[in-house]
Amino acid sequence: MPAKARVGVCGFDPMLVKGYCKTGFRALWWHIPDELYEAFNVKPNDHISGKLLKVFAGKTGQMTHEPNESFHWKFSKESGLAVLIPAESIVKYELTEFHFIEVLIEKINDQPIYAGEEKESTKMWPMDKMKLGFTVDFIAP
């Protein structure tokens, strides 16, 4: 059925993210596991559905949110490797490029992932490596 992944959030400096959240420009994203990218032949502007399970702060390595809420996000228009995080989620969870998220990927382009089973992805950021040496705090738009 779904694939579980823990990934690092990528993106721009929090000051730029502040402006990009207001203008609708992509600000933060995460990369889909390679095995799913290849298996589903992901293209730019495709979409992905699942659940945002947990948010971890890179400053402490500790979980800050456990939303367990569904998402339906788009892949980037450039490569399809990056999943764009919408501004509403960035602001709601005060995300920066110094965060990690745990997601349950259920569908890509409305096609179920791993029918009949739950599988842990190869993209599972190790818990002991989630405390970063340098971070910058979220700046609200």
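These numbers were taken from a predicted model, which means no experiment stands behind them.

## A word on the environment of Ile85
Tracing the sequence through the fold places Ile85 in strand β7 (residues 82-85). Given a relative accessible area of 5%, Ile85 falls into the buried group. Through-space distance from the C-alpha of Ile85 to that of Pro141 is 15 Å; in sequence the pair is 56 residues apart. For Ile85, the residues in contact, after removing those within four places along its chain, are Val9, Leu28, Trp29, Trp30, Trp73, Ile90, Leu95 and Ile101.

## Describing the pairing of strand β4 (residues 47-57)
When a strand is regular, its side chains alternate between the sheet's two faces. Burial analysis of β4 places 8 of its 11 residues in the buried class, which makes it a mostly covered element. Where β4 and strand β6 (residues 69-74) come together, 6 bridges link them in antiparallel fashion. Note on β6: the bridge partner recorded for Lys51 is Ser70. Here β4 runs beside strand β8 (residues 99-108); their pairing, made up of 9 bridges, is antiparallel. Residue Ile48 lies in a different strand from β8, and its bridge partner there is Ile108. Relative to strand β5 (residues 63-65), β4 runs antiparallel, the two sharing 2 bridges. Counted as the bridge partner of Val55 is His65 from β5. Between β4 and β5, which pair antiparallel in sequence order, lie 5 residues; one of them, Gly61, sits at a positive phi of approximately 80 degrees.

## Focus: the side chain of Glu102
Structurally, Glu102 can be placed in strand β8. With a relative accessible area of 4%, Glu102 lands in the buried category. Among all residues touching Glu102, those that are not within four sequence positions of it are Lys4, Ala5, Arg6, Lys51, Leu52, Leu53, Lys54, Phe56 and Met124.

Cut-offs applied
Residues numbered from 1 in each chain as written. Predicted model: local features only at pLDDT ≥ 70, side-chain atom pairs only at ≥ 80, totals over all residues. Heavy atoms only, no water. Helix = DSSP H or I, 4+ residues; strand = E, 2+ residues; numbered from the N terminus. Buried < 20%, exposed > 50% of the residue type's maximum accessible area, 1.4 Å probe, protein only. Contact = heavy atoms within 4.5 Å. Pairing = 2+ DSSP bridges.

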